[in-house]
Amino acid sequence: GAGVSQSPSNKVTEKGKDVELRCDPISGHTALYWYRQSLGQGLEFLIYFQGNSAPDKSGLPSDRFSAERTGGSVSTLTIQRTQQEDSAVYLCASSLGGLEVDTQYFGPGTRLTVL
Amino acid sequence: AQSVTQLDSHVSVSEGTPVLLRCNYSSSYSPSLFWYVQHPNKGLQLLLKYTSAATLVKGINGFEAEFKKSETSFHLTKPSAHMSDAAEYFCVVSRQYGNKLVFGAGTILRVKS
């Protein structure tokens, strides 16, 4: 079946602009995660959605970052007033949710470059 | 809190020789442990996971890892390296009933012909 998809695959923007990154999880997966992969910081957790529960936003680096998940499926990560340090690959993952050991399946990522 | 230390940033082996990628973890709770692989310009793929059942875990492509609580280690091994194994490997920890993955810094595996 289809895996996790993300769009766009690449995004180049100018400092100060807002960007939106999209994630389509695997059908039937109730849990959705966003991670960031950058040269300086490695792979870091950003935010986690599980069903209708309040999201775990503990990994968001600043209030310029926000995310929504509409209808329990598609998610959008928004970065306002982008800075050069926001340049990274943004990875989305989904999982079945509710299991003791829940395997996360990753999308191909969106490479964001802030000029 | 959980953390992971991958002891080698780069490992180079010859094709057909054994692979050993080392990982130590720290966790205040019973951990779940994973190894993911990332080939160049591709997404992360799960190799194997530790579920607190068997301590020796077998994964895809001939990889396996052994959970050693006394040593807080979860090293990844493969008896014979293939050229296609060249990639970056991540050791990952989460809480047993958790969700957030904590990634190690990664080990780049180079396979020489």
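Residues numbered from 1 in each chain as written. Chains lettered and ligands numbered in written order. Predicted model: local features only at pLDDT ≥ 70, side-chain atom pairs only at ≥ 80, totals over all residues. Heavy atoms only, no water.

Student: Any details on the overall build of chain A? Residues and values, ideally.
Tutor: Scanning chain A for helices and strands turns up zero helices and 10 strands. Beginning at the N terminus, the succession of helices and strands in chain A can be written as β-β-β-β-β-β-β-β-β-β. Relative to a compact globule of 115 residues, whose C-alpha radius of gyration would be 13 Å, chain A shows 14 Å and is just as compact. In terms of principal-axis extent, the alpha carbons of chain A reach across some 40 × 30 × 25 Å. Residue burial in chain A is summarised as follows: out of 115 residues, 47% are buried. Residue pairs at least 24 apart in sequence account for 56% of intrachain contacts in chain A once pairs closer than 6 positions are excluded. As presented, chain A carries roughly 5600 Å² of accessible surface, and 46% of it is formed by carbon and sulfur atoms. Distance from the positive charge centre (10 side chains) to the negative charge centre (12 side chains) of chain A: 6 Å. (Helix = DSSP H or I, 4+ residues; strand = E, 2+ residues; numbered from the N terminus. Rg over C-alpha atoms; globule rule 2.2 N^0.38 Å. Buried < 20%, exposed > 50% of the residue type's maximum accessible area, 1.4 Å probe, protein only. Contact = heavy atoms within 4.5 Å. Areas by Shrake-Rupley, 256 points an atom, 1.4 Å probe, with all protein chains shown as cover. Lys, Arg positive; Asp, Glu negative; His and termini not counted. Charge placed at Lys NZ, Arg CZ, Asp CG, Glu CD.)

Student: Explain the overall build of chain B residue by residue, including any values.
Tutor: Looking only at helices and strands, chain B has zero helices and 12 strands in total. Going residue by residue from the N terminus, the α and β elements of chain B occur as β-β-β-β-β-β-β-β-β-β-β-β. Taken over the C-alpha trace, chain B has a radius of gyration of 13 Å; the compact-globule value for 113 residues is 13 Å, and the two agree within 12%. Taken over the C-alpha atoms alone, chain B extends approximately 40 × 25 × 20 Å along its principal axes. Put simply, chain B has 113 residues, and 42% of those count as buried. Taking contacts inside chain B between residues at least 6 apart in sequence as the whole, the part at least 24 apart equals 57%. With an accessible surface of roughly 5600 Å², chain B has 50% of that area assigned to carbon and sulfur atoms. The distance from the centre of the 11 positive side-chain charges to the centre of the 7 negative ones in chain B is 6 Å.

Student: So what's going on with the environment of B:A87? Which residues, and what values?
Tutor: Residues and elements named next belong to chain B. Position of A87 among the secondary structure elements: in strand β10 (residues 87-95). A relative accessible area of 7% means that A87 is categorised as buried. It is 8.4 Å that separates the C-alpha atoms of A87 and T107, two residues lying 20 residues apart in sequence. Residue contacts for A87: discarding those within four places in its chain leaves V37, Q38, H39, T107, I108 and L109.

Student: Give a description of the layout of surface pockets that names residues and reports values.
Tutor: Within this model, the largest pocket holds a volume of roughly 730 Å³. In terms of lining residues, the largest pocket is bounded by 28 residues, among which A:Q37, A:V89, A:R111, B:Q38 and B:E88 are the most central. Secondary-structure elements contributing two or more residues to the lining of the largest pocket are β4 (31-38), β5 (42-50), β8 (88-95) and β10 (110-114) of chain A together with β10 of chain B. Here the lining of the largest pocket is built from residues that sort into 13 nonpolar, 12 polar and three charged. (1 Å grid on protein atoms, 1.4 Å probe; cavity = no way out; pocket = protein on both sides within 12 Å on 5 of 7 lines; lining within 4 Å. Points joined across faces, edges and corners; volume = space filled by probe spheres on them. Nonpolar A, V, L, I, M, F, W, Y, C, P; charged D, E, K, R; others polar.)

Student: So what's going on with the interface of chain B and chain A? Which residues, and what values?
Tutor: Residue-level contacts link 18 residues of chain B with 17 residues of chain A. Of all residues in chain B, B:L44, B:N99 and B:K100 give up the largest surface area on contact with chain A, accounting jointly for 32% of the area buried on that side. In this assembly, chain B and chain A are joined by one salt bridge. A salt bridge links A:D56 to B:K100; its shortest N-O distance comes to 3.8 Å. Counting only elements with at least two residues in the side of chain B that touches chain A, the list comes to β5 (31-38) and β6 (44-50) of chain B. (Buried area = accessible area lost by both parts, 1.4 Å probe. Salt bridge = Lys/Arg side-chain N within 4 Å of Asp/Glu carboxyl O.)

Student: Give me the sheet that holds strand β3 (residues 19-24) of chain A: which residues, what numbers.
Tutor: Residues and elements named next belong to chain A. Spatially, β1-β3-β7-β6 is the arrangement adopted by the four strands of the open sheet, whose pairing is antiparallel. Strands with a single pairing partner mark the edges of an open sheet, and in this sheet they are β1 (5-7) and β6 (65-69). This sheet shows a mean twist of 15° between the axes of neighbouring strands, independent of strand direction. Note: β3 against strand β7 (residues 75-79), five bridges, orientation antiparallel. Following the sheet pairing, E20 is matched in β7 by T78. (Pairing = 2+ DSSP bridges. Axes fitted to C-alpha atoms, helices over the stretch in contact; angles between N-to-C directions.)

Student: Give me the lowdown on the packing of aromatic side chains, citing residues and values where you can.
Tutor: Two aromatic rings are characterised by how far apart their centres lie and by the angle between their planes. Residue and element names in this part refer to chain B. Using the criterion set out here, one finds 14 aromatic pairs over all chains in the structure. Seen from their ring centres, Y25 and F67 are 5.7 Å apart, and the 25° between their planes marks the pair as stacked. Pair noted here: Y25 is in strand β4 (residues 23-27) and F67 is in strand β8 (residues 64-68), with a separation of 42 residues, a long-range link. Measuring from centroid to centroid gives 6.3 Å for Y36 and F103, while their planes differ by 45°, and the two rings are tilted. Pair noted here: Y36 is in strand β5 and F103 is in strand β11 (residues 102-103), with a separation of 67 residues, a long-range link. Using a relative accessible area of 9% as the deciding quantity, one classes F103 as buried. (Phe/Tyr/Trp six-rings, centres within 6.5 Å; stacked < 30°, edge-to-face > 60°.)

Keep in mind that these numbers describe shape and distance, not what the molecule does.
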